[in-house]
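Residue-level listing of the chains:
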Amino acid sequence: MRLRFVLSSLVVLAFLAATTVFAQTGGVPVPREQTVVVDTDTTYTVFDGGNLRVPGGSQWGSGYHQLANEWNWYFNYATGEEILWRITGWDYNDDHTVLTLHVRDGVNWNDGHPFTAHDIVFHIEMLQQHPELIGHGLARDQIVSARAVDDLTAELTLAAPNPRFHQNYRMWGSALGEIVAKHVWEGQDPTTFRNWPPVETGPYVLHSVHQDLNMFVWEQRDDYWGWDVLGGQSGPRYVVYRMAPPADINLSEVVQGEVDAPLPHLFAWHLVQAAQALSDHVVIAPFTDPNPIGIYAFNVTTELFQHREARWAIAMLFDREKLASLYPAAESSTPAPFPWPAPNWGVMQRFVPIAERVMERLEQDYDLVFEYDPQRAGELLDSLGFVMDGRFRVTPSGERLQVVLLSRPATAMEEFYLTQDLVEELRNIGVDATIRTVDPGAHADFLRSGDYDIAPGWIEGWSAWTGDLFTGMDNWRWARDQVITDWVWPVNPERDALLDQLSQVLPDDPGADELYEEALYHFVLDMVQIPVAEKVFVQTFSNRYWTGWPTEDDMWQVPYQWWPAFKFVLFGLTPVQ
Amino acid sequence: VPPPGGTAIIMPRLLLWYATRLVNYAVVFLVAFTIVFFFLRLMPGNPIDAYVETLAQMGYRIDAMGETVQIYKERFGLDRSLPEQYVRTLRQVFLEFDLGISFLSYPNQVGTLILPRLPWSLWLLGTATVIAWLLGILAGTFVGWKQGTRFDSAVYAVAIALAQVPQYLVALLLVLFFSYGIAIFPSGGAYAANVVRGLNLEFVLSVLHHTVLPAASIVIVSALFWLLTTRALTISILGEDYILFAEAKGLRKFRVLNRYILRNTLLPQVTGFAVSLAFIVNGFFLIEWIFRYPGIGTLLVAAVGQRDFNVVQGIIILSIFTVLTANLIVDLLYPLIDPRIRTGGRRS
C-alpha cells in the first residue's frame, strides 16, 4: 500500500517536473528580446483576412491595421505635425472640383511591386463598381472619375466642390484611403477575396498566426520603402498582438515584462499605479482621447428640447470638474473647456481663441455661460413655461414634465455615471427624469427610433481627426443616417447657411477665422451636443526590453497602441542592452 | 425468473418507451430551436447596424452606406419578415444541415468558427467534468458513509463553504499562486507558443501542462458539488433495509460500501453527469477568458456582442443537440440499468 502511494506520488512529481520545462519557455514564439508584445481586448474570429472592404474581412486588434496596412498621410496629433507618407502632397484646381494626389516615389508593396497612382485609381473604380463594398457610396456619389496622369500622379474629378476631400486619404479618413494593390486584386472578386497573407505597403509582414493562442506575429520588412524616408531601419524585429488576460494576470505580466504595451481600456489606472509600485520598468504616457463623454444627442423634436434654452439648461447641470474627478479608475480625465469636442490636441489649438470669443459673445448677448449653475438652469425652464407644481415641474399644458435618458448599462461606466449624475441633477430642479438602459448593440437602433429625450455617450471627435473645427460642427449632416439627423439636428437655417459657406473655406484661407467664429457662435448657441469630460487614456509601456516610448514628459507621438500611427512609435524604439 | 407473460410483454413496453423518448426528443428540439430563434431576433439590434456603428465610432464616415447595408441585410435574410426568416432558417438548418454564414468572419461558414474551438472545449471541460464527477462521487460516498463522525463534519463544512466559491475566483487564485507565485504552471493559452502543434510528445506534454490550472479551477468547485449531493444520497441509502441486512449478514465494510452503497448512489448521479457532460460544448466563458483558452465560450460571447445570429444560433443548436442527445442516451440506457423500467415496475 505504502509502496503504491510512493510510486503514485513519484509519477505526479515527474509529470510536474517534465511539464514545468514548458512553462519557462515564455509566451511568444519568437525571440522575446527582439519582440514588442501588444495586448488587445478583441476575441479573434478572423485569422485569414486582409480585406477591409467587407464586414468580417479583417481582424481588428490583430496588428494588421497597425503594422501591415498603411494610410497615405497622417497627423501627429500630439504635436500637430502633418506626416506625408505614401503621398507627398495634394493640389486642387481653383473651384475645388479636381484633386491631384502626388504619390511618393519609391513606395512599394511588400511583394516588391511599386505603389503607384494606378493603384489609387483602381481602388476608386473597384469601389464604384461593387455596391457590396464599404466605401461604395462615397466613391460613387463624390467622385465622377479618376485617372492616373502618370505613375506618381492621380487626378480625381469630384462631383461637387470640396476643398477637404484629401482628408479621405488621411489615417482613418475613409474607405477611399485604404488602397488595395491593383496587381493583386485585379481579376479577383473583391467581395470574397481574402488578401492573405496581406499584400500591403506597411513595415511588417505576417510571420505566423496562432489561432489556439489568440496571437498574431508580425516580422519587420528589410525592404520597407519607409526606411529611406526615415533615414534607416529601426524598431523591433517582431511585433506580437495577442488577446489580453484578465486584469490581475495582466498586472503580473506587465510587472514581469511579459507584455510591452497593455491596452489602457483593460489596464485600468489602479493597475497602472500598482505596476509602477511593483516595477521600475513601467512608464506611462497619458494622452487625451478625441472623443469626450457628454450629451451625444438631444431629441430636438420633443416639447422641451425643441427649445435651445432647455438644452442650455442641461449644459448647466453638469459639474464638469466633479464629473471629471469622479471618472472611473480606468482613466483620468479633464473637464471639457468648451461646448464642442475640442481636446487639447496640437491640431486644435488654433481654434481656442475663436472659441473664447464665442463664449464671451454668448454671455453678452444671451447671458448664457457654460458652467455649472442649477439655479440658472431652473430659471431657463421657468422661462419656457415648464414651472414647478408641487415636487415636479409641469409642461405648459399642465402635465408632469418627464425626461427619458438613453444609456448603455453600467459596463459603459463613464456614460452610466454621467447619466446617473444628470438624473439626480434633473430631479433636484423638479424634472421627473428616468433612465432607459439599452444594450450597446441596440443603442443605434434606439437612437434611430427617437424614443428618448437625451442620449448621453461618446461624442465623435470629428474636429480633432481632421484638425478642422468645421467637421465637428457639420458632422450630423453627413456622418449619420438621415433618420437620426432628423431627431437630433435642430432647425436653424442661419447656422446651416454658415456651415454651407464654411464647407468651401479652409482654416488657412483669408477671412476664415471670422466665418469659423460666426458658425461656431450659432452652433454653440444651439447646444447640439455637450462635451463634459475629456477622457485620458493612460497608455502604459514596459521598458524592460525596449526604450524610447513616448512618455508623460516627452509626448513625441500619440502613444496609443491600437492606432495605425503606432508604427511611428515602434520606429522610435531601441532595445535595452 | 421471467416476468408473467415473459419477453412478449416486455418488448412492446420497451418499444413504446423508446418511441416516446424519440418523439419527445424531436419535439423538444424543435421547440428549443424556435425559442432560441425568436429570442435572438427579438433582441434589439442586428449585426449589420452594430458593425456600421463600430465603423462610426472608429472615425469612419458612414454616410452613403445605405445601399451597402441593404445588400448585407438581404444576404443575411434580415430584410424579410420574422416568420419568413424562421422558415428559411428551419429549412437551412434541418434540411440542408447548413448553419449559415458568419458575420464576424464573413464570408466564412459558421462551422469554420465553431469547429476549431470545439475540440478545446471538449478536452478541457470534458476532462474536468469527468474528473470532478469521479472524485465527487467517490469522496461523497465515503464521507456519507462516515456520517456523524468528525471527519464527516469537517469535510461537510469545508465543502459547503468552497462549493459556493465562483470558479473564476478559484482560477485567479490558482494562476496567481502557481503561475506567478511558484511559477510551475503557465498562466494561459492552450499550449506554449514555441511548441509545434501536431502529434508529438512536446506538444502533448505542453497541452497537458496548460490544462492543469484551468481544469483544476473547474474540478475543485464541481467536485465539491458532486461530493455534497452524493453524500446526501449515501446518507439516505444508509437507512435502507438492505444495508442493514448486508451488515447483519456480516459482509465486509468495503464490500457494503462498494456493492451496496456506491452502486445505488450512481444511478441518480448518472443523469446529472450526462447533462453536465452535454453542456461542455457551450464552453465556459470565464475560465476560457481567464486562461485565454481557445474554446467555444469566448466565441459565443463575442458573437452575442456583435449580434452574429448565425454563430450564436449554431453554438446553441449544438448545445441543444448534445444536451438532448445525452438525455436520450441516458433514457435509452435506463432500461438496461434499472430492471423496474424494463418490466414496468413488476417484480421479476
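That block above? That's the structure.
Residues numbered from 1 in each chain as written. Chains lettered and ligands numbered in written order. Predicted model: local features only at pLDDT ≥ 70, side-chain atom pairs only at ≥ 80, totals over all residues. Heavy atoms only, no water.

**Q** Outline the overall build of chain A, supporting the account with residue identities and numerical values.
**A** Along its length, chain A carries 20 helices and 21 strands. What you see for chain A is a C-alpha radius of gyration of 27 Å, in line with the 25 Å of a compact globule of 577 residues. Across the 577 residues of chain A, 61% fall into the buried class. By sequence separation, contacts in chain A at least 24 residues apart represent 70% of the contacts at least 6 residues apart. Of the roughly 20900 Å² of accessible surface on chain A, a fraction of 51% belongs to carbon and sulfur atoms. Side-chain charges in chain A split into 36 positive and 79 negative, and the spacing between the mean points of these groups amounts to 5 Å. (Helix = DSSP H or I, 4+ residues; strand = E, 2+ residues; numbered from the N terminus. Rg over C-alpha atoms; globule rule 2.2 N^0.38 Å. Buried < 20%, exposed > 50% of the residue type's maximum accessible area, 1.4 Å probe, protein only. Contact = heavy atoms within 4.5 Å. Areas by Shrake-Rupley, 256 points an atom, 1.4 Å probe, with all protein chains shown as cover. Lys, Arg positive; Asp, Glu negative; His and termini not counted. Charge placed at Lys NZ, Arg CZ, Asp CG, Glu CD.)

**Q** Explain the overall build of chain B residue by residue, including any values.
**A** Of regular secondary structure, chain B possesses 14 helices and 0 strands. Listing each helix as α and each strand as β along chain B from the N terminus yields α-α-α-α-α-α-α-α-α-α-α-α-α-α. By the burial criterion, 47% of the 348 residues in chain B qualify as buried. Sequence separation of at least 24 residues holds for 75% of the intrachain contacts in chain B that already meet a minimum separation of 6. Within the structure as shown, chain B displays about 16700 Å² of accessible surface, and the carbon and sulfur contribution to it stands at 69%.

**Q** Got a sec to walk through the packing of aromatic side chains? Specific residues and values, please.
**A** If you walk through the whole model with that rule in mind, you get 54 aromatic pairs over all chains. For the ring pair Phe351(A) and Tyr516(A), a centre distance of 5.4 Å and an interplane angle of 45 degrees mean the geometry is tilted. Within this pair, whereas Phe351(A) is found in the loop between β13 (332-335) and α11 (352-366), its partner Tyr516(A) is found in helix α19 (residues 512-526), the two being separated by 165 residues in sequence. The pair formed by Phe351(A) and Tyr516(A) is uniform in burial state, with each residue classed as buried. Within the aromatic cluster, the residues linked to one another by ring pairs are Trp60(A), Trp73(A), Phe75(A), Tyr77(A), Trp90(A), Trp172(A), Phe287(A), Trp465(A), Phe537(A), Tyr560(A), Trp562(A) and Trp563(A). Over the ring of Tyr156(B) we find Arg231(B), and its NZ or CZ is 4.1 Å from the ring centre. (Phe/Tyr/Trp six-rings, centres within 6.5 Å; stacked < 30°, edge-to-face > 60°. Lys NZ or Arg CZ within 6 Å of the ring centre and 35° of its normal.)

**Q** Lay out α19(A) in plain terms, naming residues and giving numbers.
**A** All names here are of chain A. Between its first and last C-alpha atoms α19 spans 21 Å; for 15 residues at 1.5 Å apiece the expected length is 21 Å, and the two agree. Within α19, 12 of the 15 residues are buried, leaving the element largely enclosed by the surrounding structure. Taken together, the buried positions of α19 are Ala-512, Leu-515, Tyr-516, Glu-517, Ala-519, Leu-520, Tyr-521, His-522, Phe-523, Val-524, Leu-525 and Asp-526. Just downstream of α19, Met-527 is the residue with a positive phi angle, here 45 degrees. (Expected span 1.5 Å × (residues − 1).)

**Q** Help me get a handle on the sheet that holds strand β1 (residues 35-40) of chain A, residues and values and all.
**A** Residue and element names in this part refer to chain A. Read from one edge of the open sheet, 4 strands run β1-β10-β9-β8, paired in mixed fashion. Two strands lie at the open edges of the sheet, namely β1 and β8 (204-210), each paired on one side alone. Adjacent strand axes in the sheet meet at a mean angle of 20 degrees, parallel and antiparallel pairs treated alike. For β1 and strand β10 (residues 238-243), the ladder comprises 6 bridges, and the chain directions are parallel. Looking at the pairing, Val-36 lines up with Val-239 of β10. (Pairing = 2+ DSSP bridges. Axes fitted to C-alpha atoms, helices over the stretch in contact; angles between N-to-C directions.)

**Q** Lay out the sheet that holds strand β6 (residues 143-150) of chain A in plain terms, naming residues and giving numbers.
**A** Residues and elements named next belong to chain A. As summarised here, the arrangement of the 4 strands in space is β4-β5-β7-β6, forming an open sheet in which the pairing is antiparallel. Looking along the sheet, the strands with just one partner apiece sit at the ends: β4 (87-92) and β6. When strand polarity is set aside, the average angle formed by the axes of neighbouring strands in this sheet is 20 degrees. Pairing of strand β5 (residues 98-103) with strand β7 (residues 153-158) involves 5 bridges; the strand directions are antiparallel. Looking at β7, one finds that Val-98 is bridged to Thr-157. Contacting β5, β6 and β7, helix α3 (residues 117-129) runs over the sheet at an angle of about 160 degrees to β6.

**Q** Before we move on, can you summarise the pattern of salt bridges with the specific residues and values?
**A** Counting across every chain of the model gives 30 salt bridges over all chains. For Asp513(A), the salt bridge identified is with Arg350(A), shortest N-O distance 3.9 Å. Remark: Arg350(A) occurs in the loop between β13 and α11 and Asp513(A) occurs in helix α19; sequence separation between them is 163 residues. With relative accessibility at 34%, the residue Asp513(A) sits in the partly exposed group. Taken together, the shared-partner salt bridges in this structure form one network comprising Asp39(A), Arg242(A), Glu253(A) and Arg292(B). (Salt bridge = Lys/Arg side-chain N within 4 Å of Asp/Glu carboxyl O.)

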